[in-house]
Amino acid sequence: MRAVVAVACNLLFILADIMVTTLLYIRGTRISLFMEDLGNFDLFCSTVDLWVTLLVRVTLLLGAAIGVSRNVTEGPRRVADSQNLAVILCLVVMVYAVTKLLLFSEHEASLTHSPWFLSLFSWTCASSLGTVLLWKLLARVRPPRPSLKINAGSEDSGDRAPVLGPEDCSGDECEEEGEKCSDKRKGESRSTATVSQLLAYCRKDAGLLGVAFLFLLISALCEAFIPYYTGQAIDGIVIHKSMADFTKPIIYLTVFALVSSIAMGVRGGVFSLTFARLNVRLRNLLFRSLVHQEIGFFDENHTGDITSRLTSDTTQKLAKEVQNSLAQANKVAEETISSMKTVRSFANEDAEADNYFAKLQEMFQLNKRQAVAYACYMWCSCISELAMQVSILYYGGHLVVSGQMTGGTLISFVIYELELGECLEDIASVYTGLMQGVGAAEKVFEFIDRKPKLSHNGQLAPDTCKGLVEFKNVTFSYPTRPDTPILKDVSFTLRPGEVTALVGPSGSGKSSCVSLLENFYRPQQGEVFLDGHPVQEYQHSYLHARVSLVGQEPVLFARSVQNNITYGLTDCSTDAVVQAAIKANAHEFVTQLPNGYNTGVGEKGAQLSGGQKQRVAIARALIRNPHVLILDEATSALDAESEYIVQQALNTIMHRHTVLVIAHRLSTVEKAGNIIVIDKGWVVEQGSHKELMAMGGLYSKLVQRQVLGIETGADVLNPPKNSMWHLGKSKLRKEESSDSEEDFRL
């Protein structure tokens, strides 16, 4: 229906254009004027050439309307692709009409028909603009979408062709056409919205922008008088041959040039200050938005891509495609540099360099397209500027020779033309920069405006916290893999003052339980409770002050040891830091560092050993005196003695906390009051070490495999002789393992 309306509007406009243009050309009734002008054509008096421009407009619109009416699917796209050509032709028609107006005004005989000509001139310009608008209307026509839905309630539904709905168009053709149409519309709407957003973020600098535009106006006004007084000065020398007639314009010229220079300097400085403030504001908003996104967002978006948006998109006016390509290259570089030890250990430096070079080549191909477009733009700009200068000199020389203009006035006009050319170039560069800025800013604003899928807006903050944790019928899959369930109907309880160990094969879902308890993700089914309330109902800061995590790969920041231990705390004494470090068995090695607790640990703690990093991370958790303490393989990088000391420190506080331990060392697991065994997302066993060993299930097999793996290592854990460790060993010696299952670890 929209195509019919658009084509009808075009046909009506074509008919109106033909009638009005012809009526104005023949001055109402003089049809014989066609033969007169064709027989004795005079560029300064005849107007038949303006009537010929009608043929250009009619040909354009009629061809576009026929194309859209015959092929509603491909026609609008082809019209949109040739939109620039239509705009250029209409601009040429309008420029020719203006030139014709100048030529027509030279002959007094033509002035008797000036009302008709002025009307024809005005209509020619207006109809050219209307042609462009109607061309855009045809380009926006959407192809009809069939529907497979049949109205079951209609009596004659069996005799009618099925009616398709948009949701039933799942074929490749429907999807492809829908994407082509919608992408272009979305691109235009996004560009408009982004420009509006850019202007909205400048509201706080409205005063500075007002000052800048004021001085811009002053500078422009002064610049407008400089060519005029330049011509007056030349006339004073050439025509009047008088110093008085020469000196006066020179004084005015000097004053206007001086004021213009001062105004331009102020305008430039204020604009630079405004853009700097805007850049700071955008960076701040972007980073604040990023750090408040849900964890799943960072699973989907690579760190290099995000940092590229933060560092490059907020400052450079690069094209959107080039910026995306640069982000991909930055992604490879960031990933390689941050994992340099791994790259070096596998001797893969050249392959990573080749990968980075391949990304740069993709960007280079886009740069080549930009270079070709820029070259075409420069050719068009230079040729049009040259044509304008030649035309002005030729026509101006004609006016000077005929006595209608002085030489100084011609020079003034030439200078005006040069300045106009510079202004048009500046406008074009500003527009190009704006569009490139829009392309780069789209992703920035997309991140700034993005609302986290998991909001941390809980308000619950009770005065007391017991630390009772309950998993009730939890089913969970990661956002990046929604079809792969990690946990399946998991239920268990962590009680205050009790150590609960979570064991199972790798990939069984142990760390996923930790992520849910930390409220990093939300389960698809079921709930995780803390003291009877879902964890998402608690205030974000309250929850993570009561629940502390020490991960198997602790992350330290490139700050001092003390700042890493007190990370996230605003008021913490040095004594509290030292006490936490003593409990984590970190105080001794910290005091031996060059600057003690003020020693920097390097990027991601690179200047500390693995065991030292884990002890600092444990101290960071203990300083908060948490109600729920999660140790996710927290002692895996410690030697036996350090682990024993840290374990003793943890034992002194465990009776006041809920402790969840994920570990593969039997010395840690067998002392837990409750052991939960997870396999393939299911809770398969639960009980104490003795009870689970007696059951002879999965846990027993995991223990037996570990005993076999370290039986040759003498007294690695040095457990007491009456511990369940030796009971497991003696039982294992009496059995022969014939299982062919994959290798598990606790």
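Reading the values: rules and limits
- Residues numbered from 1 in each chain as written.
- Predicted model: local features only at pLDDT ≥ 70, side-chain atom pairs only at ≥ 80, totals over all residues.
- Heavy atoms only, no water.
- Helix = DSSP H or I, 4+ residues; strand = E, 2+ residues; numbered from the N terminus.
- Buried < 20%, exposed > 50% of the residue type's maximum accessible area, 1.4 Å probe, protein only.
- Contact = heavy atoms within 4.5 Å.
- Areas by Shrake-Rupley, 256 points an atom, 1.4 Å probe, with all protein chains shown as cover.
- Patch = residues over 30% accessible without salt bridge, like charges linked within 9 Å, V, L, I, M, F, W, Y side chains within 5 Å.
- Salt bridge = Lys/Arg side-chain N within 4 Å of Asp/Glu carboxyl O.
- Phe/Tyr/Trp six-rings, centres within 6.5 Å; stacked < 30°, edge-to-face > 60°.
- Lys NZ or Arg CZ within 6 Å of the ring centre and 35° of its normal.
- Core = buried A, V, L, I, M, F, W, Y, C linked by side-chain atoms within 4.5 Å.
- Axes fitted to C-alpha atoms, helices over the stretch in contact; angles between N-to-C directions.
- Parallel < 35°, antiparallel > 145°, perpendicular 65-115°, else oblique.
- Nonpolar A, V, L, I, M, F, W, Y, C, P; charged D, E, K, R; others polar.
- Pairing = 2+ DSSP bridges.

J.: Explain the overall build of the protein chain here, please?
T.: What the protein chain contains, in helices and strands, is 26 helices and 10 strands. Within the protein chain, the proportion of its 746 residues that are buried is 40%. Intrachain contacts of the protein chain at a sequence separation of at least 6 include 72% that bridge at least 24 residues. With an accessible surface of roughly 41,300 Å², the protein chain has 60% of that area assigned to carbon and sulfur atoms.

J.: What exactly am I supposed to notice about a nonpolar patch on the surface here?
T.: Judged by side-chain polarity, Leu214, Ile218, Ile251, Val255 and Val259 come together as a nonpolar surface patch covering roughly 390 Å² of accessible area. At the level of elements, α8 (206–238) and α9 (243–291) are the ones that each hand at least two residues to the nonpolar patch. Among the elements that take part in the nonpolar patch, α9 stands out by supplying three residues, more than any other. Its place among the elements puts Ile218 in helix α8. Classification of Ile218 by relative accessible area gives partly exposed; the value is 31%.

J.: Looking at this model, I keep getting lost on the packing of aromatic side chains. Mind explaining?
T.: Applying the stated criterion across every chain, the model contains 14 aromatic pairs. With a centroid separation of 6.5 Å and 35° between ring planes, the pair formed by Phe225 and Tyr229 is classed as tilted. Of this pair, Phe225 and Tyr229 are both found in helix α8, four residues apart, which corresponds to roughly one turn of the helix. For Tyr229, a relative accessible area of 17% gives the class buried. Connected via pairs of aromatic rings, a cluster forms that spans Phe225, Tyr228, Tyr229, Tyr252 and Phe256. A cation over an aromatic ring shows up here: Lys472 above the ring of Phe529, its NZ or CZ 5.1 Å from the ring centre. Residue placement shows Arg559 over the ring face of Phe557; its charged tip is 4.9 Å from the ring centre.

J.: How do you make sense of the nonpolar core when you look at a structure like this?
T.: The nonpolar side chains of a soluble globular protein tend to be buried with one another. Grouped together as the largest cluster of nonpolar side chains are 44 residues, with contacts concentrated most on Val561, Ile565, Tyr597, Ile675 and Tyr699. Counting residues per element, this core draws most heavily on helix α21 (residues 610–622), which supplies six residues. Ignoring sequence-local partners within four residues, the contact set of Val561 consists of Val590, Leu593, Gly596, Tyr597, Thr599, Val601 and Val616. Counting 36 residues, the second-largest nonpolar core is a separate cluster that includes Val7, Phe34, Leu50 and Leu60.

J.: Looking at this structure, I do not really get the packing of helix α5 (residues 83–104) against helix α6 (residues 114–139). What am I missing?
T.: A packed helix pair is summarised by two numbers, namely the angle formed by the two axes and the spacing between the axes. As a packed pair, α5 and α6 sit with axes 10 Å apart at the nearest point and diverge in direction by 175°. Between α5 and α6, the angle falls in the class roughly antiparallel. Contact residues: α5 offers Gln83, Ala86, Val87, Cys90, Val93, Met94, Ala97, Val98, Lys100, Leu101 and Phe104, while α6 offers Ser114, Phe117, Leu118, Phe121, Thr124, Cys125, Ser128, Thr131, Val132, Trp135, Lys136 and Ala139. Partitioning the contact of α5 with α6 into residue classes produces 16 nonpolar, five polar and two charged.

J.: Got a minute to help me understand the sheet that holds strand β4 (residues 525–530) in this structure?
T.: Note: strands within a sheet are paired through backbone hydrogen bonds, in either parallel or antiparallel orientation. If you trace the four strands from one edge of the open sheet to the other, you get β2-β1-β4-β5, paired in antiparallel fashion. The outermost strands of the open sheet, each flanked by one partner alone, are β2 (487–494) and β5 (533–534). The sheet contact formed by strand β1 (residues 469–476) and β2 spans five bridges and is antiparallel. The partner of Val474 across the bridge, within β2, is Val490.

J.: Would you mind going over the sheet that holds strand β9 (residues 674–679) with me for this structure?
T.: Ordered by their spatial adjacency, six strands build an open sheet running β6-β7-β8-β3-β9-β10, and the pairing between neighbours is mixed. Each edge of the open sheet is held by one strand with a lone partner, namely β6 (547–550) and β10 (682–687). Adjacent strand axes in the sheet meet at a mean angle of 20° when their direction is disregarded. Bridge count between strand β7 (residues 628–632) and strand β8 (residues 658–662): five bridges; the pairing is parallel. Counterpart to Ile630 in the pairing with β8 is Leu660. Seen against the sheet, α21 touches β6 and β7 and runs at an angle of roughly 175° to β6.

J.: Looking at this structure, I do not really get the pairing of β4. What am I missing?
T.: Here is the key point about a regular strand: its side chains alternate between the two faces of the sheet. As paired elements, β1 and β4 share five bridges and run antiparallel to each other. Opposite Val469, over in β4, you have Leu530 as the bridge partner. Here β4 runs beside β5; their pairing, made up of two bridges, is antiparallel. Paired with Phe529 across the strands is Pro534, a residue of β5. What sits between the antiparallel neighbours β4 and β5 is a turn of two residues, in which Asp531 has the positive phi angle 55°.

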